[in-house]
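Listed below, chain by chain, are the residues.
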Amino acid sequence: MDSLNRDTPKTLADRKKDIQFLMKYAVPEGQAQTAEALLDRYDADIIALNLLYSFYINLPEGREDSVNGLRLLNRSQGVFLLCALTGNGMSYLYLVNREAAHIIGTLAEGIIDRDLLDFFGYADNREVLALARKPEILHEYEPHTTDPNLCPSCHAAVGEFHTLGCPVEICPWCSGQLTYCNCRFIKLDIDAMDKAAQIEKLLELLEEAGRIPFKKEHRPGYPTMEEE
Ligand SMILES: [Zn+2]
Ligand SMILES: [Zn+2]
């Protein structure tokens, strides 16, 4: 089953190389050093790398520019609302998860989409636009790998459910790793998961059994990391 055993298509190093290649054509002279420093700062963070890849492959204004800062506006269930600050003085909003990044528009325009506003808990676009007027109050985006409150794989926050297929999710039947134990096959009475209907059925059974939301303790290597 694809979504329960999904490998990230590329390693972080490959992703970085792709971005470096695109940057050769996208970054104006005079902005290269800052742009490269930013890439280095975030090169272990798939969320930031997805954003940078999306930025450099479809330059928002169709002309040379570079990202020199990332700000975190919001996050929910592994989806991040980030603002990319650019060398040309622009601010763009991006929706990013571990799979991909999508540009929403400029920070100055905010968020028009009602579903998106609801998803992040904004009453209306005025709340977003208030941030746009004071971009200096936005928090710098920290590489998620250093944030113990986030699942290191799917980026669910403490108390949230993992994206189905996340290897950190604990199996409610055997307390093993849900993507590696055999419970899903036993419960569905099948040998392989290859149909969307099976995934839906599994989700139903999991919810009946009680899915286990992310806790800090579930992070791989948790006790050692906490002691350090
Ligand atoms: Zn997870
Ligand atoms: Zn199990």
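The rules we used
Residues numbered from 1 in each chain as written. Chains lettered and ligands numbered in written order. Predicted model: local features only at pLDDT ≥ 70, side-chain atom pairs only at ≥ 80, totals over all residues. Heavy atoms only, no water. Donors = N, O, S within 2.8 Å, 3.2 Å for Na, K, Ca; no water. Tetrahedral: all angles 85-135°; square planar, octahedral: opposite > 155°, others 65-115°. Helix = DSSP H or I, 4+ residues; strand = E, 2+ residues; numbered from the N terminus. Buried < 20%, exposed > 50% of the residue type's maximum accessible area, 1.4 Å probe, protein only. Core = buried A, V, L, I, M, F, W, Y, C linked by side-chain atoms within 4.5 Å. Contact = heavy atoms within 4.5 Å.

**Points about the coordination of the zinc ion (ligand 2)**
Thought 1: Distances from the zinc ion (ligand 2) to its protein donors, C171 (SG), C174 (SG), C181 (SG) and C183 (SG), fall within 2.2 to 2.3 Å.
Thought 2: One can describe the site at the zinc ion (ligand 2) as tetrahedral: its 4 donor atoms subtend angles covering 105 to 112° at the metal.
Thought 3: Of note, the donors binding the zinc ion (ligand 2) are all from one chain and are spaced C-x2-C-x6-C-x1-C. Separated by 10 residues along the polypeptide, C171 in the loop between strand 5 (139-140) and helix 6 (183-188) and C181 in the loop between strand 5 and helix 6 bring together distant segments of the chain.
Thought 4: Residue classification places C171 among the buried residues on the basis of a relative accessible area of 0%.
Thought 5: Of the residues examined, C181 reaches a relative accessible area of 12% and is grouped as buried.

**So, unusual backbone geometry**
Thought 1: At S175, a residue that is not glycine, the phi angle is positive and equals roughly 65°.
Thought 2: Structurally, S175 can be placed in the loop between strand 5 and helix 6.
Thought 3: Residue S175 is classed as exposed on the basis of its relative accessible area of 59%.

**Remarks on the nonpolar core**
Thought 1: L51, L52, Y56, V67, L70, Y94 and Y141 are the most contacted members of the largest nonpolar core, which totals 30 residues.
Thought 2: Of all the secondary-structure elements, those providing two or more residues to this core are helix 1 (12-26), helix 2 (32-41), helix 3 (46-57), strand 1 (67-76), strand 2 (79-86) and strand 3 (91-96).
Thought 3: The element contributing the most residues to this core is helix 3, with 8 residues.
Thought 4: Not counting residues up to four positions away in its chain, the partners in contact with Y94 are L51, S54, F55, P60, F80, L81, L82, A84, A101, H102, I103 and I104.
Thought 5: If you look at the next biggest cluster of nonpolar residues, it comprises 16 residues, including L73, L93, L116 and L131.

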